[in-house]
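Structure at a glance
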Amino acid sequence: MNHERPRPGWAAYIEETPAAAIVAMPPDLAKRVANFIAALALEAGGALDKDKQPPGDPMDDHDTRFSIQVAGEPVIIEYSVHHDVRAIRIPVVVWID
């Protein structure tokens, strides 16, 4: 029997400016974007836990910043990975209105 504590999941932290952009979206789009970000944290964290590249396009040479489009939506998210706190941070959300 394995008595190790399971590792905590990955979280997403959205900075103030991108959070304001999400709040300004129509409610149905804002909900889709919020759900996408929650799923992104899980998917990115799962990939990182397996030493694989998380989803999106790398934006630096260290594979710590990524850009990804919300599938089927006019929204692009930039995020950075933070292994130490098991989180992704969202500093930029671009909504092409």
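That block above? That's the structure.
Residues numbered from 1 in each chain as written. Predicted model: local features only at pLDDT ≥ 70, side-chain atom pairs only at ≥ 80, totals over all residues. Heavy atoms only, no water.

Looking at helix α2 (residues 27-49)
Our working definition: Going along the chain from the N terminus, every DSSP run of H or I of four or more residues is numbered as a helix, and every run of E of two or more is numbered as a strand. The length a helix should cover is 1.5 Å for every residue beyond the first. Here the term buried applies to any residue with accessible area under 20% of the maximum for its type, exposed to any over 50%, and partly exposed to those in between, with areas from a 1.4 Å probe on protein chains only. In this description, contact between two residues means that some pair of their heavy atoms is separated by no more than 4.5 Å.
The end-to-end C-alpha distance of α2 is 33 Å, a good match for the 33 Å that 23 residues give at a rise of 1.5 Å each. Within the sequence span of α2, burial applies to L29, A30, V33, I37, L40, A41, A44, G45, A47 and L48. Packed against the buried residues of α2 are β1 (11-14), α1 (16-24), β3 (65-69), β4 (75-82) and β5 (87-95). A positive phi of about 60° marks D51, the residue just after α2.

Topic: the sheet that holds β1
Note the threshold: Any two strands with at least two DSSP bridges between them are considered paired. The axes are straight lines fitted to the C-alpha atoms, using for helices just the contacting stretch, and the angles between their N-to-C directions are given from 0 to 180°.
Strand order across the open sheet formed by 5 strands is β1-β5-β4-β3-β2, with mixed pairing between neighbours. The outermost strands of the open sheet, each flanked by one partner alone, are β1 and β2 (57-58). As judged from the 4 bridges shared by β1 and β5, these two strands associate in the parallel manner. Residue pairing across strands places Y13 opposite R89, the latter belonging to β5. Contacting β1 and β5, α1 crosses the sheet at an angle of about 50° to β5. Of the strands in this sheet, β1, β3, β4 and β5 touch α2, which is tilted by about 35° from β4.

Considering the packing of aromatic side chains
Our working definition: Side-chain rings of Phe, Tyr and Trp (the six-membered ring for Trp) are treated as a pair once their centres are within 6.5 Å; stacked means planes under 30 degrees apart, edge-to-face means over 60, and tilted covers the remaining angles.
For the structure on display, the rule yields 1 aromatic pair. Between F66 and Y79 the ring centres are 5.5 Å apart and the planes differ by 25°, which places this aromatic pair in the stacked class. Within this pair, whereas F66 is found in strand β3, its partner Y79 is found in strand β4, the two being separated by 13 residues in sequence. F66 gets classed as buried once you look at its relative accessible area, which sits at 0%.

Things to note about the nonpolar core
The condition that has to hold: What is meant by a nonpolar core is a set of buried Ala, Val, Leu, Ile, Met, Phe, Trp, Tyr and Cys residues, joined one to another through side-chain atoms within 4.5 Å.
With 21 residues, the main nonpolar core has M25, V33, V75, I77, Y79 and I88 as its most contacted residues. Put simply, the parts of the chain that give this core at least two residues each are α2, β3, β4 and β5. Considering each element in turn, this core owes the most residues, 8 residues, to α2. When neighbours within four sequence positions are excluded, I88 is seen to be in contact with W10, A11, A12, Y13, I37, L40, A41, A44, Y79, S80 and V81.

Describing the pattern of salt bridges
Basically, it comes down to this: By definition, a salt bridge exists where a carboxyl oxygen of Asp or Glu is found within 4 Å of a side-chain nitrogen of Lys or Arg.
By the definition in use, this model includes 5 salt bridges. Between E78 and R65 there is a salt bridge, with the nearest N and O atoms lying 2.9 Å from each other. On the criterion of sequence distance, the pair formed by E78 in strand β4 and R65 in strand β3 is long-range, its members being 13 residues apart. The buried category is assigned to E78, whose relative accessible area is 18%. Residues joined by salt bridges that share partners form a network here, namely D28, R32 and E73.

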